[in-house]
Amino acid sequence: MKTTYSYNYGLWALAVGAAVLLPLGTSHGQGSGMPATFSFKSDAIRAESAGNWAEAVRIHRLHAQAEPLRSDIWLRIADIESRTGNTNEMLAATTRAAETHPEDAKLWRRLSQAYSVAGKPVEALAAMDKAVALKPNDKEMLQGRAQLANWLGRSDVAADSHERILVLTPDDIEARLALARALSWMGKLDKSVRSYERYLEAKPADKAAVLELARVQSWRGNFPEALKVLARYKDQGGDEATYLRERAKVFAAAERPATALRMIDPMLKNKPDDYEIQFSAAVAHNYNHEPAKALADIQTLQK
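Criteria and cut-off values
- Residues numbered from 1 in each chain as written.
- Predicted model: local features only at pLDDT ≥ 70, side-chain atom pairs only at ≥ 80, totals over all residues.
- Heavy atoms only, no water.
- Helix = DSSP H or I, 4+ residues; strand = E, 2+ residues; numbered from the N terminus.
- Buried < 20%, exposed > 50% of the residue type's maximum accessible area, 1.4 Å probe, protein only.
- Contact = heavy atoms within 4.5 Å.
- Areas by Shrake-Rupley, 256 points an atom, 1.4 Å probe, with all protein chains shown as cover.
- pLDDT = per-residue confidence, 0-100.
- Expected span 1.5 Å × (residues − 1).
- Arc of directions from axis to C-beta.
- Axes fitted to C-alpha atoms, helices over the stretch in contact; angles between N-to-C directions.
- Parallel < 35°, antiparallel > 145°, perpendicular 65-115°, else oblique.
- Left-handed = near helix turned anticlockwise from the far one by under 90°.
- Nonpolar A, V, L, I, M, F, W, Y, C, P; charged D, E, K, R; others polar.
- 1 Å grid on protein atoms, 1.4 Å probe; cavity = no way out; pocket = protein on both sides within 12 Å on 5 of 7 lines; lining within 4 Å.
- Points joined across faces, edges and corners; volume = space filled by probe spheres on them.
- Lys, Arg positive; Asp, Glu negative; His and termini not counted.
- Salt bridge = Lys/Arg side-chain N within 4 Å of Asp/Glu carboxyl O.
- Polar contact = N/O pair within 3.5 Å; in protein donor to acceptor, adjacent residues only side chain to side chain.

**A word on the overall build of the chain**
- For the chain, the helix and strand inventory stands at 17 helices and zero strands.
- Among the 303 residues that make up the chain, the fraction classed as buried is 47%.
- Across the chain, contacts joining residues at least 24 apart in sequence account for 49% of those joining residues at least 6 apart.
- Total accessible area computed for the chain in this model is approximately 15,300 Å², and 52% of it derives from carbon and sulfur atoms.

**A few points about the confidence of the model for the chain**
- For the chain, mean pLDDT is 88; residues scoring 70 or higher make up 87% of the total.
- Segment residues 1-38: pLDDT under 50, and 87 contacts once partners within four positions in sequence are set aside and those in other chains are kept.

**A short note on helix α13 (residues 223-235)**
- Taking 1.5 Å per residue as the helical rise, α13 with its 13 residues ought to reach 18 Å, and the 18 Å between its terminal C-alpha atoms agrees with that figure.
- Inspection of α13 places Ala226, Leu227, Val229, Leu230 and Tyr233 among the buried residues, and these make up the whole buried set. Across the axial projection of α13, the buried residues extend over an arc of 165°, all falling on one side. Facing away from the buried side of α13 by more than 90 degrees, the exposed set consists of Pro224, Lys228 and Asp235.
- Those residues of α13 hidden inside the fold are in contact with α12 (207-219) and α14 (240-253).
- Positive backbone phi, at 90°, marks glycine 237, one or two positions downstream of α13.

**Thoughts on the packing of α14 against helix α16 (residues 275-287)**
- Two numbers describe how α14 lies on α16: the axes approach to 9 Å, and their chain directions differ by 25°. In this view, α14 runs roughly parallel relative to α16, as classed from their interaxial angle. Like other packed secondary-structure pairs, α14 and α16 cross with a definite hand, here left-handed. For the pair α14 and α16, the contacting residues are Arg245, Glu246, Lys249, Ala252 and Ala253 in the first and Glu276, Ile277, Ser280, Val283, Ala284 and Tyr287 in the second.
- Of the residues that constitute the contact of α14 with α16, the class distribution is six nonpolar, one polar and four charged.

**A word on the layout of surface pockets**
- A volume near 330 Å³ is recorded for the largest pocket.
- Taken together, 15 residues make up the lining of the largest pocket; nearest its centre are Arg215, Trp219, Glu246, Lys249 and Glu276.
- Of all the elements in the fold, those that place two or more residues in the lining of the largest pocket are α12, α14 and α16.
- Across the lining of the largest pocket, the residue classes tally to nine nonpolar, two polar and four charged.

**Remarks on the side chain of aspartate 206**
- Looking at the element boundaries, aspartate 206 is found in the loop between α11 (189-202) and α12.
- With no salt bridge to any partner, buried aspartate 206 finds its closest opposite charge in lysine 203, at an N-O distance of 4.9 Å.
- Among the polar contacts listed, one links the side chain of aspartate 206 to the backbone nitrogen of alanine 208, at a separation of 3.2 Å.
- Those residues in contact with aspartate 206 that lie beyond four places of it in its chain are Leu177, Tyr199 and Leu200.

**Quick notes on the pattern of salt bridges**
- Under the counting rule described, the total for this entry stands at 23 salt bridges.
- Across the pair arginine 70 and glutamate 67 runs a salt bridge whose closest N-O atoms are separated by 3.3 Å. Glutamate 67 matches arginine 70 in its accessibility class, with the two residues each being buried.
- Between lysine 203 and glutamate 174 there is a salt bridge, with its nearest N and O atoms 4.0 Å apart. Linking lysine 203 in the loop between α11 and α12 with glutamate 174 in helix α10 (residues 173-186), this pair joins segments that are 29 residues apart in sequence.
- Among the residues examined, lysine 203 registers a relative accessible area of 32% and is labelled partly exposed.
- With relative accessibility at 23%, the residue glutamate 174 sits in the partly exposed group.
- One network of salt bridges, with partners in common, ties together Arg215, Arg245, Glu246, Lys249 and Glu276.

Quick look at the structure:
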């Protein structure tokens, strides 16, 4: 059950890698040791316009030495290094930008995005945690934190982020759905059910969420309620094959193997390679005291 939460962190991060190189706002500072006629800004722009990225980076680095607290210069370097495929240099420059003003949450978010582009989700989440610590009520940052947490399988961090979003915006139904999913992955099934139910109060026609709720009810052992929710899914026009497969899974888990197998056998004839149906068959055969058949089902699953 994968999240469909609307904030796609991966696309957001990739946008950083394709950032447009905007003009710097100021030239070099005093005491740089460079001739008075030398202009960091104009010379760097000329180098960039000519596609001479190595020279542009060299000039920007000289500028950064002259004005070490200019985070925008380090971000410009990071943009160029990203554009030319120098990932390590891009990360180093973005890190320097964040270190120039560690109190600036936006710079830590930018570093988080850079790590995401580089395929380093652990470091990305650590940087985003710093951003959120500085701006705990920033919804966009909390959304990014949740997406990174999902990437890492950190459902606890994702759930915490969604809960904090809901404190800020209680009517955010997408955050409510994302929280329900995160709680289910954490095994907090009672809380997950409550979140699903609140979400479905707002969006009762969401068949996918209805199906997810049925599964969570089954996981928590409330099989009658799971069947009831599945009937709702069917009544709303849910896929018939999905309905039958999920219903068989519920009967198998509820230790009603004969009923489950009556449903499973014809489905396996039509879809002999369906993993979920085969798994349900293994569960049902086990509860039906047919260990040889259960073992055969498991061996089929392992192929």
